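Residues per chain are reported as follows:
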Amino acid sequence: MSARFVSIWFRHLITDYMTLREPGLHTIPWVVVAMQHGRQVITAANALAELNGIGVGLSLADARAMLPGLVHRDEQAGLAGALLKRMAEWCIRFTPVTAVDEPDGILLNASGCAHLWGGEEEYLNVIAHKFKTRGYDIRLGMAGTIGMAWAVARFGGQSRIVASGHEAQALLSMPPAALRLDMETQAVLVKLGLRQIGQFIQMPRQVLRRRFGEALVLRLEQALGQEEEWMETVMPQEPYSERLPCLEPILTATGIRIALEKLLEQLCARLRAEELGLRVAHFHAYRIDGKKLRISISTLRASNHAQHLFKLFEKDIETLEPDLGIELFVLEAPVVESHKLQQSAFWNEHRVLTDNSLAELMDRLAQRLGVQAIQRYLPAEHHWPERAVQRARRLDEQSELNWPAELRRPAWLQKPEPIEVTAPVPDYPPMNFRYRGVLHTVKKADGPERIEPEWWLQTGEHRDYYIVEDDRAGRYWIFRQGHYEAGRKAQWFLHGFFP
């Protein structure tokens, strides 16, 4: 598939934008000015002003001598760049690869895209119509190189499309300015009588380089496709993404579901072929009014099961409001991991964490309850019990450590909470304790188990832990902070609950 590029030239970018916000400017000549070396200089002019011979670079005083009463507006710093970036992001509906082409253009990498609109001519017609209805005066050019597309948009006349391989023929009658040369180089060429590219395109490159500099040769070779040229895209494309343009705007939740199912099937087919699965996915919907909607999912382990992933998205589909219609859907997977098929023996009963059914159930619960509602923990090398665990990043993640089987730990560990205790001294278990206003009489107790703080993390007192059972058969994990000292009230805490 040969590369195809589209150049969009905004002939009156700033004045079109301001006219949309001040409709009264539409019927009068007017200009945008900025202070340069102590005088007001025109930096943009609308079409009516240009018809009166007023253009960029002219001082406002001279322009008013030509057209008394000429209306002007002050230039807004950075406006052109911000507009072009916003336009380039909006053009994602036509291709995933768009770039700003300052000072007044946008570039699209349309390779493999035009057939979705019925061909290159219809593709350009749709783009032109979209911008015209938004109030912008544009010209388009399409070719096999960025430089050629740029030249056609500005100097191609009625011709908008140059077939790949025909760049040299198309350049012959164009002026040197079509090569994106600086004004000084253009002036030198014109002074020598070289007013068309065809007059010097066949000259030896060494002669052109020696006489006019490296820039002319580079631009000429870029336009001809002999030197590669790169685009700095405004939205980096995810390596695992799928797009679905819509010939007619989608207005219903059913249409959105169908689009999502199709994109998931395409993406999951790619992932399966590469033995990968996604961990995070974003589903984007681009509306006709320019607004972008998004819903996202995450999984506890890598998955390429389209039906399962659709169920995770399903509950949020209703939040996508089509309004006047959605014209493009994009599914992206920014986080993918290895996902090799595993053959399970039916007699193996120890495969809980690698069971896809369990992982998919956890994903559905997490999507409804929130990712933080479901966690799995692994052991960590710390003395304090609340530090001795760490959250697993994946459902099937394994640790190099083992849970200490010889130590009895509660099933429910909470943040240590102060309690009131009546206990003999010095190291006897408590006789009763009051927790949240309720008195618990201790019937059985075991301990103490002393746990020292880690000197390299903090200093402080040790803890003496007891497992106690009250008269209601409740079992608790409580501890006293530090040694018992006469005249000092001991500090006791409840740290966990046993089943």
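Provided above is the structure to which this section pertains.
Conventions we followed
- Residues numbered from 1 in each chain as written.
- Predicted model: local features only at pLDDT ≥ 70, side-chain atom pairs only at ≥ 80, totals over all residues.
- Heavy atoms only, no water.
- Pairing = 2+ DSSP bridges.
- Helix = DSSP H or I, 4+ residues; strand = E, 2+ residues; numbered from the N terminus.
- Axes fitted to C-alpha atoms, helices over the stretch in contact; angles between N-to-C directions.
- Contact = heavy atoms within 4.5 Å.
- Expected span 1.5 Å × (residues − 1).
- Buried < 20%, exposed > 50% of the residue type's maximum accessible area, 1.4 Å probe, protein only.
- Arc of directions from axis to C-beta.
- Polar contact = N/O pair within 3.5 Å; in protein donor to acceptor, adjacent residues only side chain to side chain.
- Parallel < 35°, antiparallel > 145°, perpendicular 65-115°, else oblique.
- Nonpolar A, V, L, I, M, F, W, Y, C, P; charged D, E, K, R; others polar.
- Salt bridge = Lys/Arg side-chain N within 4 Å of Asp/Glu carboxyl O.

**A closer look at the sheet that holds strand S3 (residues 39–45)**
Overall, mixed pairing links the 3 strands, which are arranged S3-S2-S4 in an open sheet. Among the strands making up the open sheet, the edge pair consists of S3 and strand S4 (71–74). Each adjacent strand pair in this sheet contributes to an overall mean axis angle of 45 degrees, direction not counted. Bridging between strand S2 (residues 30–36) and S4 involves 4 bridges; their strand directions are parallel. Within S4, the residue paired with Val 32 across the bridge is Arg 73. Sitting on the sheet, helix H1 (residues 13–21) touches S2, S3 and S4, and the angle it makes with S2 is about 120 degrees.

**As for helix H5 (residues 120–133)**
With 14 residues, H5 ought to run about 20 Å at 1.5 Å a step, and its terminal C-alpha atoms sit 20 Å apart, in line with that. All of the buried residues along H5 are Tyr 123, Leu 124, Val 126, Ile 127 and Phe 131. Projected down its long axis, H5 shows its buried positions confined to an angular sector of 155 degrees, all on one face. What points out from H5, more than 90 degrees from its buried face, is the exposed set Lys 132 and Thr 133. Considering only its buried residues, H5 is in contact with strand S1 (5–10), helix H4 (79–90), strand S6 (105–109) and strand S7 (138–143). Positive phi shows up at Gly 135, right after H5, with a value of about 95 degrees.

**Overview of the environment of Gln 199**
With respect to the secondary-structure elements, Gln 199 resides in the loop between helix H8 (183–191) and helix H9 (205–212). Residue classification places Gln 199 among the partly exposed residues on the basis of a relative accessible area of 41%. Separated by 119 residues in sequence, Gln 199 and Ala 80 have C-alpha atoms that sit 35 Å apart. The residues contacting Gln 199, other than those within four sequence positions of it, are Gly 193 and Leu 194. At 2.7 Å, the side chain of Gln 199 and the backbone nitrogen of Arg 195 are in polar contact. A distance of 2.9 Å separates a polar atom in the side chain of Gln 199 from the backbone nitrogen of Gln 196.

**Looking at the pairing of strand S10 (residues 292–303)**
Of the strand pairs in this sheet, strand S9 (residues 276–287) and S10 are connected by 8 bridges, and their pairing is antiparallel. Looking at S10, one finds that Leu 278 is bridged to Ser 303. A loop of 4 residues connects S9 with S10, the two strands running antiparallel in sequence, and Gly 290 in this loop sits at a positive phi of about 95 degrees.

**Observations concerning the packing of H9 against helix H10 (residues 214–224)**
The N-to-C vectors of H9 and H10 enclose an angle of 135 degrees; their axes lie 6 Å apart at closest approach. Classified by the angle their axes make, H9 and H10 are oblique. The residues of H10 that touch H9, namely those facing Arg 205, Leu 208, Arg 209 and Phe 212, are Glu 214, Leu 216, Val 217, Leu 220, Glu 221 and Leu 224.

**Details of the packing of H1 against H4**
How two helices pack is summed up by the angle between their axes together with the distance between the axes. Look at H1 against H4: their axes get within 10 Å of each other, and the N-to-C directions meet at 80 degrees. Comparing their axes, H4 and H1 come out roughly perpendicular. Residues Leu 13, Ile 14, Tyr 17 and Met 18 of H1 pack against Leu 79, Ala 80, Leu 83, Leu 84 and Arg 86 of H4. Within the contact of H1 with H4, the residues separate by chemical class into 8 nonpolar, no polar and 1 charged.

**Comments concerning the pattern of salt bridges**
Applying the stated criterion across every chain yields a total of 25 salt bridges. The partner of Asp 316 in a salt bridge is Lys 315, and the shortest N-O contact between them spans 3.2 Å.

Purely geometric stuff here, so don't read any function into it on its own.
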